[in-house]
Amino acid sequence: MSLMLLRDRWGVMSLMLLRDRWGNESRSHVSNIVFLINFWHQGNGIKTYKYNAITFIPLNLFEQFKRAANLYFLALLILQIIPEITTLPWYTTLVPLVLVLSITAIKDLADDLARHRMDKEINNRKTEVLLDGGFQETKWMDMQVGDVVRLKKNDFVPADILMLSSSNPNSLCYVETAELDGEDRLGLCLGLTSFSHLSTAMIDCEEPNNRLDKFTGTMQWSRHSYPVDLDNILLRGCKIRNTDVCHGLVIFAGADTKIMRNGGKTRFKRTKIDILMNYMVYSIFALLILVALGLAIGHGFWYEQIGSLAWYLYDGADQSSVYRGFLSFWGYIIVLNTMVPISLYVSVEVIRLGQSKFINWDLQMYYAEKDTPAKARTTTLNEQLGQIEYIFSDKTGTLTQNIMAFKKCNIGGKTYGENLSPWLVRDDGERPPVDFGWNQYADPKFEFMDHSLVACIRSKQDQETLEFFKLLSLCHTVMVEHKEGELVYQAASPDEGALVTAARNFGFVFLHRTQDTITIKEMDHEATYQMLALLDFNSDRKRMSIILKFPDGRIRLYCKGADTVIYERLSPHSLHQETTQTSLDIFANETLRTLCLCYKDISQAEWDEWSRKHTAASIATRDRDAALDQVYEQIENDLLMIGASAIEDKLQDGVPETIANLAKADIKIWVLTGDKKETAENIGFSCQLLTDNMKIHYGEDKLRVRQALRRNVAPTFGNKKKPAELFFPEAGKNALVITGGWLPHLQIALDKSVPKCMSNIGFDVNAWQVDFVDMACECEAVICCRVTPKQKANVVSLVKKYKKAVTLSIGDGANDVNMIKTADIGVGISGQEGMQAVMSSDYAFAQFRYLERLLLVHGRWSYIRMCKFLRYFFFKNFAFTLVHFWFSFFNGFSAQVAYEDWFITLYNVCYSSLPVLLVGLMDQDVNDKLSLKFPKLYLPGQRGALFNFKKFFISLFHGIFVSLIIFFIPYGAFLQTMGQDGEAPSDYQSFAVVTASSLIITVNLQISLETSYWTFVNCFAVLCSMAIYFGIMFDIHSAGIHVIFPTYFTFTGTASNALRQPYLWLTIILTVGISLLPVICIQFLSKTIWNRKKYEMEAEEEKRPPTFQRGGRSRRSGYAFSHSRGYADLISSGRSIRRRPTVAGGAQKNLVIV
C-alpha cells in the first residue's frame, strides 16, 4: 500500500480509491488497494495524559504557580532569603508552601497516572490491518490514515472509518454507541454504494471537526457524485454488534477523530462564593499593603526620633530612616503574610471533595429500579447548590416518564379510546382492555380500552381507519430486528415506538425494510411498498414524511407532525379539520401528546421533477441540510387530513410534591419545552404548578403595549430606561402564556447576530429582553412553548444576565445539553433519551424528585458548611496575625514577631486546621428530615446571607478584637509581675508562649461554639488539636532538640518554665474567657430573643387571608413532535437494510414553563 500526502489550497481532504484486485465473491474481502490521500495524516495513538517522568515536576509546578496565592508565597519565600529584609526564617513559609504544593501534586499525579493507564490500554488494543496483501494484527497506535481495517463482532472501532463492506446483506453494520453518546440502543452504518463494483473513485470530505451528528462528503465515480454521510462512517468508540465481519478505510485517526475532538475542556464554572472569596483575598492583600506601609512609616519616624539617638541600638549599618522604613515595609509583608492564608484553597478543595462523596453515597437518591446512584460529576460547585434561585427544566422525560402509550385517536372525525360500552364491565366494576389474541404479532404489554375500534378495523369497512394505521406502520424511521421469532423495534424516540407498536396491535404490522422497500402485514396479507423518499424529522420541521409507490403504481406521500405545521399545509378541500381540531383540544386537556396524520397523492410527473431537485440537494457540499429542507417544503403541501393520535406520557413519581417544596423555598421553576402551549399548561396543572385562582395573561399583548409606551416616552433610539410601572399591577396571582405568534420576537431578541440589523428599523432588542425577563419574573407561572434547544440556552442566559441569579438547568435528552452547559449548575437525568445530558452535566441522578434532596439537603448543608468554614478561617488568621500589629507599637515597628517561628509555621497546618475541616465536612444545623419539612430554611443561601462582605468584615473586626485581648491582657500581666520562684516571667519568650497558648485555646473553643452537630470526631479533633500544640511545643522547647539544631530551635526550656507558673495559667484563662464572652452573649441573644421575634412576625404574615380568589377553569394541552431525529438518512442512503427474513407463525408556586 502506498500513500501520497498532499493538501489542496482550499484545505479540502480528498481520498482516491484505485481498485487493483478483489478477493473472491464469497469472502467480500479487500485484497490490494492503492490510496492517494491529499491531507496530512497522523498516527492513531492518543494522548490524554499531561505529564511524563521528565515533565511532571516542572509542568506541575508551573501550573500551580499560575495561582496567584502560590505565586505570592513564592515571592515571600524569596524575600525571606534576603538578610536585610527577612524577619522570619525561610522555613516558616517554605514548610506550608511545600505541603500545599505536595498535596496538590499528589492529587494531580494520581489523576494523570489513571490517564496513563487508560491511554496505554487503548493504544495497545489490537485490530487487523491490510498489510502486504493480507490482514495482520496491529496495535491501534500504529494505524495510519488510509489503512484498510477488518473489524469483527464485539470489536471497538479504533478510528473514524469509512465503511466499505460487511458480512451482512447490503453492507449493513450494527453498532453500539453507548461509549460515544450514552445511548443504549443500536445504531446502523452502511457501506459505500456498490463498492464491490468500483474501479476508480474520488472521495472529498470535510476537515476533522467535533460534530458527532454530522459528516459531509462526496464520492465521485463514473462522472457521477454520490453523498457520503454520517451513516457511512464508523466513529471511534463505537462497538460492532450483530455483524460478523466488516471492512473500512481509516479517514480520521488519533486526535483528529470526532470523539477526541470532543474531548476539549468544558466551560469552567465558578461559584459565587469562589468569586467573592477571591475579592476578599484581594481586599486582604490590599489591607496588608496598607498596614505594612503604615508600620513602615512608623518605623521611619521612630528611628528618626528615637532609634538613631539610642547608642545601644546602633547596628553598625549607616542607613537612613527612609531606607530603614523601606526595609521594614518588606519585613512586615513577610510577618503579616498569614492574613492571606496559604492553606485556604487546599482546605476548600478537601471540603468540596468530601461533600461530593456524601452526594454519591446518599442511598435516598439511589434509584434501585435501574441501579442508578446519584453522581456528583464535579467537586467545585457543591455550595452553589444551596443558592439556586431559578431552575430551568425540560418537560418530557424530566417531569414526565417519557414512556409513551397509545391511548386515543381521532379518525375521520370520530374519536376512539374510551370503553363506554355498559355491557363490557367486569364484576369488580373494572372495564377490561381489548383482547388482541386474534393478532399473533400483538405486543402483550399494549393496552387499549375501546373495543369499537378493533371491531371497525376487523370489519374492513372503514377505509379511513385502515388508512390511519397503514400510515402509522409505514411513515416512520423505526428499525426492526427478529429475535427468537419476536419483533423488536429500535425507534429514534419513544413516540415513534409507541405509534408503530399501536399499528402492530391493530393488525398493521411493520415486518422489515430495505433501502427502497417497506414490508408490512395488513391484517391477513403482506404488502411491500417501494420507498421513493424519506423526509426525516428535525426540531425545526416538526414533522416527517415518506413518499411511497404502491403495488398498483400509485405514488402517495404520508405525513405526520405537530398540528401547528400540519394545518398550515392542509388543502382547502381537506375534510375533518374542525372535528379533528376539537379532538386535539380534548386530548390536550387530558395531558395527551397529539400528532396529526395526513396524506397526498402525487403524479408521476410531479415526482420526477421533485426527485431531480432532491438529488441535487442531497449531494450539496455546503448547507446540505438547508437545501434539503427547502426541497421538502415544495412537496409537503395540499395535504389531506386523516386524523390525529394521542399518546400518554405520565408524570414521574413525586414531581408535584417536589415542585411544591421547591416553590416554598422560593425557587422559581421554568419549564423549557418544545411542546404546544396547551400541553405545557396542562402539565402545569397536573404538577400543581398552576392553580385555578391564577389569572392568565398572554405575553404578546403586554409586551406590545410596553414597547409602545417605551417609544412614546423615549422616542430616541438607544434610550433603555426601564419603565417604573409593573406589568401586572392588579392584586392576585398571575400566570403568563407566550403563544407561538410572539415567539419570533423572542427568537430575534435572543439572537446575538440580530441587534445591529434590527436597530436600523427601530427594534430595541435589549428592551425586548428586559421586558420579557421582568414580565416573567412578576408571575407565579409562565408558559412559553415551542422553544428550540438553542433558545433554551438563550433563555437561561437572559435570566443570568438581567437578574444576576444563580441558575440550575435539568434535562434528560440531547436537546437539553446546551441549556445544561449554559446554567451555573447542570443536572442530567438518566432517562429514556440516552445519556448525553448526563455526560454534559455537573450532577446526575435518575428521577426528578431527587432534585429536592440535592438542593434542600445537600446544597443547603454544603453552603452552610462552606460559609461557616470561611468565616472562621478568616477570623482565626486575623486573630493570629494582628497580634504582630499590636506588638509593633512596643518594638519600634521593627517587624519583630510576637510568636516563636515554629508556631507561625505550624499554626494553620497542625494546630487549628482539623476542627474547622470537620465542620466544613460534617456540620448540620438541622437534620435532613427537617431540611425537607421546612423549605424556608433554604432562603439564607439564596440571599447570600451567611457569607458576604458584611460577614467578612464581622470576621475581620472579631479577629481584631480577639487579637487585642490576646496581646494586651498578657502584656498587662507581664508588665509588673513576679513568679512563684521569685523570678519575673516577663521575658519575650514566655510572653510568646502565653499569647500562643491563649490563641490556640481560643480559636479551638471558638469553633466549638460554631459547631451545630457534635459527634465524637468533632470532640476528638478539638481536644487533639490542643494536645498536638502542647505536645509539639514541649518537644521543640526541649534541650535535646536544641542541641541537635541550635540555630532553628532557640526557645529552650521556655514552655516548661512558663507553664509551671499558676499566674500565667490564670492569665491564659482570663484571656480566653474575655475573648469568648461576647460570642457567647451574641449567640444566646440571637437564638432566643431576636429569633423569637422574627418567627412571630413570619407567623402573623402566614395567617393573613388571601387577597384574591377566582373561580375554576378548564384547561387544555397538546403535543409537539419528539426532538429525536430518526434513521431517515440511513434508510434512504442507497443500501438495503436487511433481507426479508422468515418469521414464524396544593401549594403556592413560582413556576415558569418555557
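This structure is a prediction, so every number in the text was calculated from the model and none was measured.

Colleague: Quick question: what am I supposed to make of the overall build of the protein chain here?
Modeller: Secondary structure summary: the protein chain contains 36 helices and 35 strands in total. Here the protein chain, with 1154 residues, has 55% of them falling under the buried criterion. For the protein chain, the accessible surface area stands at approximately 50600 Å², while carbon and sulfur atoms represent 57% of it.

Colleague: Would you mind going over the pairing of strand 3 (residues 126-131) with me for this structure?
Modeller: Put simply, side chains in a regular strand alternate between the two faces of the sheet. With six bridges connecting them, strand 3 and strand 4 (residues 134-139) associate as antiparallel partners. Within strand 4, the residue paired with Lys 126 across the bridge is Lys 139. Note that strand 3 and strand 5 (residues 148-152) share two bridges and pair antiparallel. In the strand pairing of strand 5, Glu 128 is matched with Arg 150.

Colleague: Any chance you could explain the UniProt feature "active site" (unreviewed entry) in the protein chain here in plain terms?
Modeller: UniProt feature "active site" (unreviewed entry): in the numbering of this structure it lies at Asp 394. Tracing the backbone through its elements, the reader meets Asp 394 in the loop between strand 16 (390-393) and strand 17 (405-411). For Asp 394, a relative accessible area of 5% corresponds to the buried category. Here Asp 394 is in contact with Leu 399, Val 671, Leu 672, Lys 792, Ile 810, Gly 811, Asp 812, Asp 816 and Met 819, once residues within four sequence places are set aside.

Colleague: What is the right way to read the state of the cysteines from this model?
Modeller: Disulfide: a covalent bond formed between the sulfur atoms of two cysteine residues. Considering all chains together, one arrives at zero disulfides under this definition. No disulfide involves Cys 456; its nearest neighbouring cysteine sulfur is the one of Cys 409, lying 9.8 Å away.

Colleague: Is there a simple way to explain the sheet that holds strand 6 (residues 160-166) in this structure?
Modeller: Pairing between the strands of a sheet comes from backbone hydrogen bonds, and it takes one of two forms, parallel or antiparallel. Strand order across the open sheet formed by six strands is 4-3-5-14-6-12, with antiparallel pairing between neighbours. Pairing within the sheet leaves two strands with one partner each, and these edge strands are strand 4 and strand 12 (233-234). As judged from the six bridges shared by strand 6 and strand 14 (residues 245-252), these two strands associate in the antiparallel manner. Considered in strand 14, the bridge of Ser 165 is made with His 247.

Colleague: When you look at the packing of aromatic side chains in this model, what are you seeing that I'm missing?
Modeller: Between two aromatic rings, the relevant description is the distance of the centres plus the angle of the planes. Considering all chains together, one arrives at 62 aromatic pairs under this definition. Both rings, one in Phe 952 and one in Phe 953, keep their centres 5.3 Å apart while their planes meet at 70 degrees; by these two values the pair is edge-to-face. Overall, the relative accessible area of 3% leaves Phe 952 in the buried class. The ring centre of Phe 873 lies 4.3 Å from the NZ or CZ of Lys 876, which sits over that ring.

Colleague: I'm lost on unusual backbone geometry in this one. Help?
Modeller: Among all residues except glycine, the phi angle is most often negative; among peptide bonds, the trans geometry is most common. Phi angles above zero are rare outside glycine, and His 576 is one such case at about 65 degrees. Taking the relative accessible area as the measure of exposure, His 576 reaches 23% and is therefore partly exposed. One non-glycine residue with positive phi stands out, namely Phe 893, at about 55 degrees. Structurally, Phe 893 is set in the loop between helix 25 (850-888) and helix 26 (901-911).

Colleague: What should I look at first to understand the nonpolar core in this one?
Modeller: Nonpolar side chains in soluble globular proteins tend to be buried together. One finds Leu 344, Phe 869, Leu 870, Phe 874, Phe 903 and Leu 999 to be the most contacted residues of the largest nonpolar core, which totals 97 residues. The element contributing the most residues to this core is helix 25, with 18 residues. Grouped together as the second largest cluster of nonpolar side chains are 55 residues, Phe 468, Phe 469, Leu 511 and Met 523 included.

Colleague: Would you explain the sheet that holds strand 27 (residues 640-648) in this entry?
Modeller: Here nine strands make up an open sheet; going across it, the order is 18-17-27-26-25-24-23-22-21 and the pairing antiparallel. Since the sheet does not close on itself, it has two edges, and those belong to strand 18 (414-416) and strand 21 (508-513), each with one partner. Taking the axes of each pair of neighbouring strands and ignoring which way they run, one obtains an average angle of 30 degrees across the sheet. Of the strand pairs in this sheet, strand 23 (residues 525-535) and strand 24 (residues 543-549) are connected by five bridges, and their pairing is antiparallel. What sits directly across from Leu 535, in strand 24, is Ser 545.

Here is what the cut-offs are and how they apply
- Residues numbered from 1 in each chain as written.
- Predicted model: local features only at pLDDT ≥ 70, side-chain atom pairs only at ≥ 80, totals over all residues.
- Heavy atoms only, no water.
- Helix = DSSP H or I, 4+ residues; strand = E, 2+ residues; numbered from the N terminus.
- Buried < 20%, exposed > 50% of the residue type's maximum accessible area, 1.4 Å probe, protein only.
- Areas by Shrake-Rupley, 256 points an atom, 1.4 Å probe, with all protein chains shown as cover.
- Pairing = 2+ DSSP bridges.
- UniProt positions renumbered as here; feature names shortened; annotations may be inferred.
- Contact = heavy atoms within 4.5 Å.
- Disulfide = S-S within 2.5 Å.
- Phe/Tyr/Trp six-rings, centres within 6.5 Å; stacked < 30°, edge-to-face > 60°.
- Lys NZ or Arg CZ within 6 Å of the ring centre and 35° of its normal.
- Core = buried A, V, L, I, M, F, W, Y, C linked by side-chain atoms within 4.5 Å.
- Axes fitted to C-alpha atoms, helices over the stretch in contact; angles between N-to-C directions.

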